[in-house]
Amino acid sequence: MQENKQANSPRVDLRKKRRWGESLIQASLFLAGAFSILTTIGIVYELGKEAMHFFSQVSLWEYFSGTKWNPQIGQFGIWPLLNATLMTTLIAMLVALPIGLSIALYLSEYATHKARQTLKPILEVLAGIPTVVYGYFALTFMTPLLRSIFGANVVDIYNTASAGLVIGILVIPMVSSMSEDALSAVPRSLREAAYGLGATKLETAVKVVLPAAISGIMAAFIVSISRAIGETMIVAVAAGAGSNFTFNPFEAAETMTGHIVRISGGDLSYDSIDYNSIFAIGLTLFFMTLSLNVISQRIVRRFREVYE
Amino acid sequence: MRKTFEYEIQQLKDNILTLGSMAEQALLDSVDALKHRDIPRSQEIYDNDDLINAKRFEVENAVMVAIATQQPMAHDLRLLASILDIAGELERMGDYAKGIAKINIIMGEQKLLKPLVDLPLMAEKTVDMLHRALTAFIEEDLNAAKSIPTEDDVVDALYTQIYQELITYVIADPTGIERSNWLLWAAHNLERVGDRVTNICERTVFIATGELDQTDTSN
Amino acid sequence: MRKTFEYEIQQLKDNILTLGSMAEQALLDSVDALKHRDIPRSQEIYDNDDLINAKRFEVENAVMVAIATQQPMAHDLRLLASILDIAGELERMGDYAKGIAKINIIMGEQKLLKPLVDLPLMAEKTVDMLHRALTAFIEEDLNAAKSIPTEDDVVDALYTQIYQELITYVIADPTGIERSNWLLWAAHNLERVGDRVTNICERTVFIATGELDQTDTSN
Amino acid sequence: MSEIKKKEGFADNLPERHRSGQFWSNLFRISTGVGIVALIALLLNITNSAFGYVAIENRIDPESLAINGIPLEQLHPIDLTYILKQNVSAGYFRNLENEMPFEQRTREEIYDLVIERVVEPEAASTWSLFDSLFHKSEIQAEVAEKYPNADLHFTSWINGNFLVSPQSANAERAGVRTAVLGSLWVIFITLLFAFPLGVGAAIYLEEYAGDLWINRLIQTNINNLAGVPSIIYGILGLAIFVRALEPVTSGAFLGTMDPTTANGRTILSAGLTLGLLILPLIIINAQEAIRAVPSSLRQASFGLGATKWQTIWHHVLPNSIPGILTGTILAISRALGETAPLVVVGASTFITFDPESPFSKFTALPIQIYQWTSRPQAEFRNIAAAAIIVLLMILLSLNAVAVVLRNKYSNKL
Amino acid sequence: MTENNINSYAIEAKDLNLYYGETLAVRDVNIQIEKQKITAMIGPSGCGKSTVLRAFNRMNDLIPSAHANGSVLYHGKNIYEEDVDPVEVRRRIGMVFQKPNPFPKSIYDNVAWGAQINGYTGNMDDLVEESLRGAALWNEVKDNLDKSGLSLSGGQQQRLCIARTIAVKPDIILMDEPASALDPIATLKIEDLMQELAKDFTIIVVTHNMQQAARVSNFTAFFNLGEDYAGVLEEYGVTAEIFTNPKKKTTEDYITGRFG
Amino acid sequence: MTENNINSYAIEAKDLNLYYGETLAVRDVNIQIEKQKITAMIGPSGCGKSTVLRAFNRMNDLIPSAHANGSVLYHGKNIYEEDVDPVEVRRRIGMVFQKPNPFPKSIYDNVAWGAQINGYTGNMDDLVEESLRGAALWNEVKDNLDKSGLSLSGGQQQRLCIARTIAVKPDIILMDEPASALDPIATLKIEDLMQELAKDFTIIVVTHNMQQAARVSNFTAFFNLGEDYAGVLEEYGVTAEIFTNPKKKTTEDYITGRFG
Ligand SMILES: Nc1ncnc2c1ncn2[C@@H]1O[C@H](COP(=O)(O)OP(=O)(O)OP(=O)(O)O)[C@@H](O)[C@H]1O
Ligand SMILES: Nc1ncnc2c1ncn2[C@@H]1O[C@H](COP(=O)(O)OP(=O)(O)OP(=O)(O)O)[C@@H](O)[C@H]1O
Ligand SMILES: [Mg+2]
Ligand SMILES: [Mg+2]
Ligand SMILES: O=P([O-])([O-])[O-]
């Protein structure tokens, strides 16, 4: 260890060296990180600006209390659109939450390793299919199916039930995979503890693992709701065009997202109130989903704190 | 904390006390039997030394188990090492008692050279010291442990007195030499008990302080 | 594996050997000095006993450190406990040598009762036994450790011979009683060395087998 | 365990517990089945529409166009040109001639023109794959009755022509060429924009960001952006890239404005919009990949006297790159399937020429699908299904790459 | 007579072979565990201590590839027979794990849950108190029974897990390195507790820590890797004996750290 | 004279206070580490052993909230002075961690990398061999230098980490519970290795395992939690002394397991 002896010499230089490269890299990385803030500012600013134009012509009160949305005749009540959105979302959740959670429980607690290995990718495929395909599916499969069950005179060609059901199918993988993640994050040791006390599989799964993962699952639910609210193409294809304030799921009704797509898909002129209205709806949508996401993130963070 | 270990140590201390009282009893009895020329009693003492040996072995074994299983350190370790040592000392004291008993047996029909007065005194003194030394050990009484060895002078003085007296006897009647030697021997054994009490006290100091400063116990 | 510990044990064994040869030397020298009535040499031996005590204390300390830091078990533990014991025995042998040296000093100008013949023989025999016992200990030679104690009979026989001889002298001349006692004392010390060699051998057997079966060493 | 005495103080409730366990486990299994069935239904539904019988009616019977008994398929280009000239308007013929003189065109090209412009085959009716397979005779009867002039063909709507043909107003001749190219162009722009920015941001957040308000803000912000509905990004893209940055996105600032576009509704705008959309996904995935690199590795590196960037460059990035790539690919497949933002940003629905630069007008596969789906004519449903299959194939292969990467990744650390 | 014979050991393995898939993990274990004593299982890593321990309450069933061959007699019944319900076995042979794993429930519920699902019919509050006292935790938590079990320190969590286990009143408690995730102080507390528990329960404990085995157990089983990399029971006996005077050279080498 | 004085200790802490954010984690440490000796730091969990250890090569810098007050003298220079480059410090004061953490590179690259980035100019093959020999790993890996470091067993991985550390030729090697993730056999190997290394390097090792501290170290520093929950250096001295005859009651209580 000749060199070592040298290093022991009193002439040890610990002084700082300036590393310009490092600083430069750090600065550019910071800018990359900060860029996303611009996006948010962009969203809020642009949506806000145009929405301001809109609200300079339509009062907030009218917007939030009106039950008619007919831009041609100057009726701008959000309720028909909002109602359709909530209806599709509700239907979707009725499908997705129980099924998604059941799948998650099955995969994480019951399935053999092999079954899990095959089923998970299949569900992931389901999640990876573009929503426009689901729209197609709703229109060409779900609607005819509903019509053949309930009768063609009961079920419109475009209806919220069909769109809602298919949105449900769309978010099943989301619910199941996030829930399964939450369930799998529950340490194996907890299951062993339950079995060690003489619990059966169901008791272990439902009374120990599920409660332990409950916040993760709640987060999954909320994110799915947010996703269903923001879902566009399925409703654009299958729910119908034209606002309709109805609680009948078999009638056509336009959702907020559907409306935005339809309006902007045409050749709209940039300074019309139609054009501005999509920003107002967008802003509403943005805040709805944002608050749901914030809540779910809170929950997830708490969940992580428990197990990490 | 460490309940088992505490319990084991308590057991060991109890065993030391038992061993100690066995030795004490053997010493007092052996001198008494000699005094009264009670040979069957001496034979009994002689035979019973095996019990003391066994007890010492038992203690030693328990210490080994405690070391192997409890990984003692510091004070605990000093205590265990000292118990090992003290058990040895006590066993050795048992040997002295056995030696005295053997003298009585060997003497057989012969009379005592002189009636025993100082020898029982000496026995009482040493046994008393031993008893207090063991108490000091159990209680880790540093003061007692330091003061008891100073009393050894009394024992030594008694021994010298017996020695001088016996020599006078022998010079007066050389044929008593053998009987004189026997008594001398018994006295010497008791004197050695005194030395060993000193050792026990040193160990007690060592346990408490970690310092072993040995007084000279050779002869 | 456990290099430090192996090293520490080696050190301890070396120290036991050193302590052993110190004791051996002291024993041989003390008898030789007595034989030649070389009082200054005896004084030196007397003083040097402190070195033996110190060495014993050093070994004892090292054993304690080894136990505290190395958590020995099984064979290792038996070895360490035995080292503790053997160091005590060797120190005690040093005391015997010191005792013999002291006799020479106390005798002062007085002549030996008789020229020493058997006593040096006895010294040589016991030291030889001791030496072999220590070798057996270091090498864990079970056979040697079992056979050496049987030789103690030789030592005992020599002792009896000396004892008888001295008694004859005293009966012939009672004033020689004191000088007889001195030599008797020296012989007795050597006889005790023999007993302690037996102890060492027992320990060696114990280390190897875990069985301590004690021969009777009392007297 | 009859030998063992019953547990004192505990009820003997085991059989009942086992029963309810069985019941629920069956329920969970059935639910999983429902999920799988939905997927199968979806795929079958598409397949069902992508293949099947078509009854074709021609305006002019090709056999009547035979010259001197030589059938149309074998005619010389000159004859074909002649037929064409006879049957279309003179203006249209001139147009074609101007585009490219007929002498320079290949025989196939002219033949196609003849079929398209003269024969004008049209699907009178189409049948699904199931009907075609299981109700063949009924279909034949129906055709014979309703469309006596029609030919009944079993057609795969997805075929070579479909892949290489541009968009067309006629379902039989329409293809996905322009849409696929458009999608690729858009994705290329998206990737160019989002990948470096996303990975950079991820590195910053994971390796450099201290616990400062600004960094927390960035992180929360990114998490929230990931949950913003895609249509909002469309609106943002519309406002920013299409309108505010029109001079840039239209290419006007380079003076290389595509003659076919006069505004910002270009590939560039679409790419950037989708870039914004998947940026949070890329960041979050990359962050996860970077976080998966054990901190012990960083400590080891620092402990050896490495600088921060040395640590990142030599250890963090090499060990997280497969994860980053996997995440990126998944984000890309998300972008490939996105429809709503493109609609809002202003994808053109009818483009017959290949995109040539970032400043071209564009369409994309999902747009095409959407557009065809919303056509009333049945045969557009068929080509929509075919286009869906193309799209799914692309996505599937991307996913396969991702899976391979992920497996390699999970083996390593 | 037979009755007596059957009940003379807490549990007994006969020619037990344990496999993971095709690989033999542990070969031919024959061991008889004394009632109301602490038996420690020690041995080098991977020699199959955990595998054997978990074979005692069919916990290995949870690993799909694991299977057993031979018998484990509990109250004279081979728990690997067809008609034995593993759930039933586990409620009588409890388990405490390496890492403290309380349920993310309140302290009270942690203790009560096992008893509840097993159909406990008595007063639950009493049971919870009794179990927490039994686990030497009552005094520390009695004012906070509704706090989450996760809010406790590692050592307390482990005692909570023990309380939860004794609440279902098992005969035998299996412990797999119950203190290896704890600091020395908490470890000693658990060790003391084990000795208390041994008054009522039979305890089998796997430990990596020889000293711990030496400290707490009455009997020690030393497992070792055989030549074919399957674990074997090398030596089994009274702890004091094993640690001061083991019969086999390998045992001695292992406990004195002269292995390999 | 001063020269001599400066170099008399390997490293020295003076009135060192260590904080995480506002909380004082360790109070007023004064300690002088002897050169080419093994110094062990022991103490109850959370008493700040790791914090102090990491203060010795400014590894705490990587924790944003951590900061130090007081001085750590290395070659007479306070490494917490403004103009000191922590990267420079860490090149001279290496570190080995609790969990073996080889880079997912070949064995060769694991050892070579640190030297490389530090601009080593000599023959790399020789350095790698020398370092692996120094870490008692050469014989086991010499035929597989291009195998991944991760393919080694835990104990081998830890020795690889040691090899990697000594390849950059530090003065001091800090080890934070280097064997706590290893089985007893591997642990003993590492302990033996540490003793070998102490011939060339100064070693400071944090360990939870008192026995380990007792076994391997020359000096022992006992840390304890003060009344205000900040760690303090309770006793520091020669190991044999600390374990057979500690000065303070708390030390004794701790090492004999009578704490708390
Ligand atoms: N789930 C499993 N699948 C396959 N093999 C396994 C599994 N669990 C353990 N093994 C193997 O069985 C053998 C015994 O493992 P086991 O965990 O019982 O050892 P152990 O003695 O408890 O070790 P440790 O002291 O490390 O806990 C090992 O070779 C291990 O690799
Ligand atoms: N990154 C951190 N942030 C805040 N506090 C910390 C951090 N790391 C440690 N602490 C606190 O500082 C104190 C000392 O921690 P440290 O890890 O140094 O203890 P330790 O003695 O090494 O404990 P252990 O034996 O458990 O490793 C503890 O109270 C701990 O909670
Ligand atoms: Mg295990
Ligand atoms: Mg630490
Ligand atoms: O036994 P001792 O000879 O030393 O009295």
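Residues numbered from 1 in each chain as written. Chains lettered and ligands numbered in written order. Predicted model: local features only at pLDDT ≥ 70, side-chain atom pairs only at ≥ 80, totals over all residues. Heavy atoms only, no water.

Draft legend 1. Quick peek at the overall build of chain A. When helices and strands are tallied, chain A shows 13 helices and two strands. In terms of C-alpha radius of gyration, chain A reaches 26 Å, well past the compact-globule figure of 19 Å for 308 residues. By principal-axis analysis of the C-alpha atoms, chain A measures approximately 95 × 60 × 30 Å. Within chain A, the proportion of its 308 residues that are buried is 57%. When contacts within chain A are restricted to residue pairs at least 6 apart in sequence, long-range pairs at least 24 apart make up 72% of them. Here chain A carries 23 positive and 21 negative side-chain charges, and the mean point of each set is 13 Å from the other. (Helix = DSSP H or I, 4+ residues; strand = E, 2+ residues; numbered from the N terminus. Rg over C-alpha atoms; globule rule 2.2 N^0.38 Å. Buried < 20%, exposed > 50% of the residue type's maximum accessible area, 1.4 Å probe, protein only. Contact = heavy atoms within 4.5 Å. Lys, Arg positive; Asp, Glu negative; His and termini not counted. Charge placed at Lys NZ, Arg CZ, Asp CG, Glu CD.)

Draft legend 2. Inspection of the site of ligand 2 at higher detail. Residue and element names in this part refer to chain F. Near ligand 2 the following residues occur: Tyr20, Ala25, Ser45, Gly46, Cys47, Gly48, Lys49, Ser50, Thr51, Ile63, Glu177 and His208. Here an oxygen atom of ligand 2 and a side-chain polar atom of Ser50 are 2.6 Å apart. Contact distances for ligand 2 include 3.4 Å between an oxygen atom and a side-chain N or O atom of His208. Here ligand 2 has 630 Å² of accessible area as a free molecule, and 60% of this is covered by the chains. With three residues, the single largest contributor to the shell around ligand 2 is helix α2 (residues 49–55). (Near = heavy atom within 4 Å. Polar contact = N/O pair within 3.5 Å; in protein donor to acceptor, adjacent residues only side chain to side chain. Areas by Shrake-Rupley, 256 points an atom, 1.4 Å probe, with all protein chains shown as cover.)

Draft legend 3. Representation of the domain arrangement of chain D within the structure. Residues and elements named next belong to chain D. Split into domains, chain D comes out as domain 1 (50–156) and domain 2 (177–412). When each unit is reduced to the centre of its C-alpha atoms, the spacing between domain 1 and domain 2 is 42 Å. Residue-level contacts link four residues of domain 1 with six residues of domain 2. Of all residues in domain 1, Ala50, Ala123 and Thr126 bury the most surface against domain 2, accounting for 88% of the area lost on that side. Connecting domain 1 to domain 2 are zero salt bridges. (Domains from an automatic or database assignment. Buried area = accessible area lost by both parts, 1.4 Å probe. Salt bridge = Lys/Arg side-chain N within 4 Å of Asp/Glu carboxyl O.)

Draft legend 4. How the structure looks around the pattern of salt bridges. Considering all chains together, one arrives at 69 salt bridges over all chains under this definition. Here B:Glu151 ties to B:Lys125 by a salt bridge, and the two come within 2.9 Å at their closest N and O atoms. Of the two residues, B:Glu151 is situated in the loop between α5 (142–147) and α6 (152–172) and B:Lys125 in helix α4 (residues 118–139); the sequence distance between them amounts to 26 residues. A residue is classified by how much of its surface remains accessible, and B:Glu151, at 17% relative accessible area, is buried. Residues joined by salt bridges that share partners form a network here, namely B:Arg56, B:Glu60, B:Glu91, C:Asp85 and C:Arg203.

Draft legend 5. Just the interface of chain E and chain A, in detail. In this complex, chain E contributes 24 residues to the contact, which on the side of chain A involves 18 residues. When chain E packs against chain A, the two sides together hide about 1700 Å² of surface, and 69% of this comes from carbon and sulfur. If you sort the residues of chain E by the area they bury against chain A, E:Phe103, E:Trp113 and E:Ile117 come out on top, with a joint share of 28%. Remark: the boundary between chain E and chain A carries one salt bridge. We note a salt bridge from A:Glu192 to E:Arg54, for which the minimum N-O separation is 2.7 Å. Scanning the region where chain E abuts chain A turns up four residue pairs in polar contact (both at pLDDT 80 or more).

Draft legend 6. Inspection of the side chain of E:Glu177 at higher detail. All names here are of chain E. Tracing the sequence through the fold places Glu177 in the loop between β7 (172–176) and α8 (184–197). Of the buried charged residues, Glu177 lacks a salt bridge, with Lys49 as the closest side chain of opposite charge at 5.4 Å. Excluding its chain neighbours within four sequence positions, the residues that come into contact with Glu177 are Phe97, Gln98, Val206, Thr207 and His208.

Draft legend 7. Summary view of the pairing of strand β1 (residues 51–58) of chain D. Residues and elements named next belong to chain D. Sheet topology note: the β1/strand β3 (residues 151–156) ladder contains six bridges and is antiparallel. Across the sheet, the residue bridging to Ile56 is Asp151, located in β3. Across five bridges, the pairing between β1 and strand β2 (residues 121–126) is antiparallel. Among the inter-strand pairings, Glu57 is bridged to a residue of β2, identified as Glu122. (Pairing = 2+ DSSP bridges.)

Draft legend 8. Summary view of the packing of helix α1 (residues 3–35) of chain C against helix α2 (residues 39–70) of chain C. Residues and elements named next belong to chain C. Two elements in contact, α1 and α2, have axes separated by 10 Å at closest approach and are oriented at 165°. What the angle tells us is that α1 and α2 run roughly antiparallel. Viewed along their axes, α1 and α2 form a crossing whose handedness is left-handed. For the contact of α1 with α2, the residue count by class is 15 nonpolar, seven polar and seven charged. (Axes fitted to C-alpha atoms, helices over the stretch in contact; angles between N-to-C directions. Parallel < 35°, antiparallel > 145°, perpendicular 65-115°, else oblique. Left-handed = near helix turned anticlockwise from the far one by under 90°. Nonpolar A, V, L, I, M, F, W, Y, C, P; charged D, E, K, R; others polar.)

Draft legend 9. Main features of the sheet that holds β2(D). Residue and element names in this part refer to chain D. Taken in spatial order, the three strands of this open sheet run β2-β1-β3, and their pairing is antiparallel. In the strand order of this sheet, the two ends are held by β2 and β3, each with one partner. Between one strand and the next, the sheet's axes are offset by a mean angle of 45°, whatever the strand orientation. The sheet strands contacting helix α1 (residues 14–50) are β1 and β3, and the helix crosses β1 at an angle near 25°.

Draft legend 10. A look at the site of ligand 5. Inspection of the region around ligand 5 gives B:Arg92, B:Tyr96, B:Arg192, B:Arg196, C:Arg92, C:Tyr96, C:Arg192 and C:Arg196 as its neighbouring residues. Near ligand 5, the surrounding residues belong to chains B and C. Contacts to ligand 5 include C:Tyr96, whose side-chain N or O atom sits 2.5 Å from an oxygen atom. Protein burial of ligand 5: of its 200 Å² of free accessible surface, 100% is covered by the chains. The class makeup of the residues in the shell around ligand 5 is two nonpolar, no polar and six charged.

Draft legend 11. Main features of the interface of chain D and chain A. Counting residues at the interface gives 74 residues for chain D and 72 residues for chain A. Between chain D and chain A, the buried area comes to about 6600 Å², and carbon and sulfur atoms account for 73% of it. The interface formed by chain D and chain A contains 14 residue pairs in polar contact (both at pLDDT 80 or more).

Draft legend 12. Structural view of the pairing of strand β2 (residues 23–33) of chain F. All names here are of chain F. Taken together, the seven bridges between strand β1 (residues 11–20) and β2 define a ladder with antiparallel strand orientation. Residue pairing for β2: Leu18 is matched across the bridge by Val26. Counting the residues that bridge the hairpin from β1 to β2 gives two residues, and of these Gly21 lies at a positive phi of roughly 60°.

Draft legend 13. Region of the structure containing the confidence of the model for chain A. All names here are of chain A. Taken residue by residue, chain A gives an average pLDDT of 86. The fraction at 70 or more is 93%. Mean pLDDT across the elements of chain A bottoms out in helix α1 (residues 2–7) (40) and peaks in helix α4 (residues 79–110) (94). In this model, residues 1–10 is a region of pLDDT below 50 whose contacts with residues beyond four sequence positions or in other chains number 22 contacts. (pLDDT = per-residue confidence, 0-100.)

Draft legend 14. View of the packing of aromatic side chains. Under the counting rule described, the total for this entry stands at 31 aromatic pairs over all chains. Each ring, one from B:Trp185 and one from C:Trp185, has its centre 6.3 Å from the other, and the planes form 75°; the classification is edge-to-face. Taken together, the residues B:Trp185 in helix α7 (residues 177–209) and C:Trp185 in helix α7 (residues 177–209) connect one chain to another. Taken together through their ring pairs, the aromatic side chains of A:Phe54, A:Phe55, A:Tyr63, A:Phe64, A:Trp69 and A:Phe76 make up a single cluster. Positioned above the aromatic ring of B:Phe206, the side-chain terminus of B:Arg203 is 5.8 Å from the ring centre. One Lys or Arg, D:Lys308, reaches over the ring of D:Tyr208 and ends 5.3 Å from the middle of that ring. (Phe/Tyr/Trp six-rings, centres within 6.5 Å; stacked < 30°, edge-to-face > 60°. Lys NZ or Arg CZ within 6 Å of the ring centre and 35° of its normal.)

Draft legend 15. Spatial organisation of a negative patch on the surface. Residue and element names in this part refer to chain D. A cluster of like negative charges, contributed by Asp61, Glu63, Glu73 and Asp151, occupies part of the molecular surface. Looking at where Asp151 falls in the secondary structure, it is placed in strand β3. On the accessibility criterion, Asp151 (41% relative accessible area) is partly exposed. (Patch = residues over 30% accessible without salt bridge, like charges linked within 9 Å, V, L, I, M, F, W, Y side chains within 5 Å.)

Draft legend 16. Molecular detail of the packing of helix α2 (residues 20–57) of chain A against helix α9 (residues 213–226) of chain D. For the pair α2(A) and α9(D), interaxial distance at closest approach is 9 Å and the crossing angle is 55°. By the angle between their directions, the pair α2(A) and α9(D) is classed as oblique. The handedness of the crossing between α2(A) and α9(D) is left-handed. For the pair formed by α2(A) and α9(D), the contact residues are A:Phe30, A:Gly33, A:Ala34, A:Ser36, A:Ile37, A:Thr39, A:Thr40 and A:Ile43 on the first element and D:Ile214, D:Asn215, D:Leu217, D:Ile218, D:Asn221, D:Ile222 and D:Leu225 on the second. Residue classes in the contact of α2(A) with α9(D) are distributed as nine nonpolar, six polar and no charged.

Draft legend 17. Examining the environment of F:Glu235 more closely. Residue and element names in this part refer to chain F. Looking at where Glu235 falls in the secondary structure, it is placed in strand β10 (residues 231–238). Sequence separation between Glu235 and Asn224 is 11 residues, and the spatial gap between their C-alpha atoms is 9.0 Å. In this structure Glu235 touches Thr220, Ala221, Phe222, Ile242, Pro246, Lys247, Lys248 and Thr251, once residues within four positions along its chain are discounted. At a separation of 2.6 Å, a polar atom in the side chain of Glu235 contacts the main-chain amide nitrogen of Lys247.

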